[in-house]
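# Reading the structure
Letter by letter, the chains look like this.
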Amino acid sequence: MLEHGLIQDILGAVLKHGGDFAEIFFEKKYSNRFELKDGNLETASSDHTIGVGIRGFFGKKAIYAYTNDLTRENLLLVAKRVGEALGETKFENMIFNFDKKDIKNKHFVIFYPEDIQKNLKVNIMKKAYLAAKNYSKLITQVAIWYWEYDQEVLIVNSEGTWAEDRRVKTRLMINAIAEHNGNMERGFYGPGASMGYEFFEKIDVEEAAKRAARIAARMVDAEPAPAGKMPVIISNEFGGVIFHEAVGHALEATSVAKGASVFAGKLGEKVAAECVSAVDDATIPNAWGSANIDDEGTPTRRNLLIDKGILVGYLIDKLGARRMNMESTGSARRQDYTFPPTSRMSNTFILPGDYHPEEIISATEYGLYAKTMGGGSVNPGTGEFNFAVNEAYLIEKGRITRPVKGATLIGKGYEIIQKIDMVGNDIARGQGVCGSFSGAVPADVGQPTIRVSEITVGGRNK
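In this text, all values refer to a predicted model and were calculated from it rather than measured experimentally. (Residues numbered from 1 in each chain as written. Predicted model: local features only at pLDDT ≥ 70, side-chain atom pairs only at ≥ 80, totals over all residues. Heavy atoms only, no water.)

### A word on the UniProt feature "domain: Metalloprotease TldD/E central" (unreviewed entry) in the chain
Under the present numbering, the feature "domain: Metalloprotease TldD/E central" (unreviewed entry) in UniProt falls on residues 112–219. Helix makes up 32% of residues 112–219 and strand 44%. Its end C-alpha atoms lie 38 Å apart. (UniProt positions renumbered as here; feature names shortened; annotations may be inferred. Helix = DSSP H or I, 4+ residues; strand = E, 2+ residues; numbered from the N terminus.)

### Focus: the environment of Gly411
By the secondary structure assignment, Gly411 is in strand β20 (residues 408–412). Accessibility expressed as a relative area gives 18% for Gly411, which makes it buried. Separated by 33 residues in the primary sequence, Gly411 and Val378 place their C-alpha atoms 9.7 Å from one another. Residues contacting Gly411, with those up to four places away along its chain left out, are Gly383, Glu384 and Phe385. (Buried < 20%, exposed > 50% of the residue type's maximum accessible area, 1.4 Å probe, protein only. Contact = heavy atoms within 4.5 Å.)

### Focus: the side chain of Lys169
Along the chain, Lys169 turns up in strand β6 (residues 161–180). Among buried charged residues, Lys169 stands out as having no salt bridge; its nearest opposite-charge side chain is Asp165, 8.0 Å away. For Lys169, the side chain forms a polar contact with the side chain of Ser194, separated by 2.8 Å. A distance of 2.9 Å separates a polar atom in the side chain of Lys169 from the backbone oxygen of Ser290. For Lys169, the residues in contact, after removing those within four places along its chain, are Trp147, Glu148, Tyr149, Ala193, Ser194, Met195, Ala287, Trp288, Gly289, Ser290 and Pro442. (Lys, Arg positive; Asp, Glu negative; His and termini not counted. Salt bridge = Lys/Arg side-chain N within 4 Å of Asp/Glu carboxyl O. Polar contact = N/O pair within 3.5 Å; in protein donor to acceptor, adjacent residues only side chain to side chain.)

### Points about the UniProt feature "domain: Metalloprotease TldD/E C-terminal" (unreviewed entry) in the chain
Mapped onto the present numbering, the UniProt feature "domain: Metalloprotease TldD/E C-terminal" (unreviewed entry) falls at residues 228–459. End C-alpha atoms of residues 228–459 are separated by 8 Å, and the span's content is 12% helix alongside 42% strand.

### Details of the pattern of salt bridges
Applying the stated criterion across every chain yields a total of 24 salt bridges. For Lys80, the salt bridge is made with Glu84, and the minimal N-O distance between the two is 2.6 Å. Highlighted residues: Lys80 and Glu84, both in helix α2 (residues 72–86), separated by four residues, approximately one helical turn. Judged by its relative accessible area of 39%, Glu84 falls in the partly exposed class. A salt bridge links Lys405 to Glu185; its shortest N-O distance comes to 4.0 Å. Placement of Lys405 in strand β19 (residues 399–405) and of Glu185 in strand β7 (residues 183–189) is noted, with a sequence separation of 220 residues between them. Residue classification places Lys405 among the buried positions, given a relative accessible area of 11%.

### Side note on the pairing of strand β11 (residues 278–281)
With burial as the criterion, each face of β11 is covered, one bearing Ala278 and Asp280 and the other bearing Val279 and Asp281. Note that β11 and strand β16 (residues 347–350) share three bridges and pair antiparallel. Across the sheet, the residue bridging to Asp280 is Thr348, located in β16. One ladder, built from four bridges, connects β11 with strand β12 (residues 302–307); its direction is antiparallel. Residue Val279 lies in a different strand from β12, and its bridge partner there is Leu304. (Pairing = 2+ DSSP bridges.)

Written as structure tokens, this is what we have:
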């Protein structure tokens, strides 16, 4: 970590040369990535990174710089250049009172990454490989990825914030390929958590691997999905990726402050069906997207975004707060010290409703059951999306019948949330990595099973 006197001088240098706010983000990070293909360890890499980001504000203007040269001379030079780039009023003889925040740790870790032997981690990967490979004779290829990191951060600013956090993340990702009669399909599952090696005592590694294999094996001989507008039931857990991408990003200050979101200026207005409520909650113990503080040192919190269809909140960082004349919601995130922070989601999900999933299916005469969502694309300004469905089935006369493949869901986020007419009680979250202006960050997406009364489904059958 940085010495107290040097921190005083860095902040002072920013404010002395221009700016009305200065911030230091110090990061030390250790990470491991392993890749196992067809039963053999293909790659193994370990990284130690350390660096500092220095940011200054003047009004609504922001300048950011970063360096991995932590000598006093260099850090003061970087701070001076940030202040000069702001180039406005100058403050002299500054005294900072750093009140160290007493932040309760909600994310306890038992086994830290550096304390666990590599062969134990590889054994976990081999266990997953065998479970996926032996699931079916249709499975021809299996790849396993193991990712873990241990990040320590210190965030200090000229408002007196002095906040520290240690974040440990562990994730296992399984990719299975099934082949039959010239067809090839892929299944993927990637559970993760803010935990150390004890994560593997919380999940069933073999079941996780079989889940990826099941998707590939069931879809390889599936018939083409129907096309057209129809009711779509989206399963729980990773089904929440549509809300995350097509609605959640439009609630971030990054787009709202610029008026580039369809939800800008709509606080207090009805934006979704009454059965829809949604939150972003970085305080969930040991969840994949959780942290004790955000990347500006603000304690994280549970932010209610939509309450019974009414828009009640945005996700706001400090710069967004200045631009929107609102307070920070503890939502600033960044990939690492090379990125300035901005407003981002953490664990974002639709809250549970009253229906059992079986009730939702039995109430649907005909439609598509999207059990496992894949990737897609979104226009953050308009909320227009296009998502692949990795595992889908037809619903006929209130029953799930045949598997279908090649389905895509096409629509606009703000229109879809108004068409949700049934919300299940089986809330679950899935793990992903969200990419945006401040880099790639771990994020949970989630929801219970929901029914959308009508979505355009892209497929090949009429």
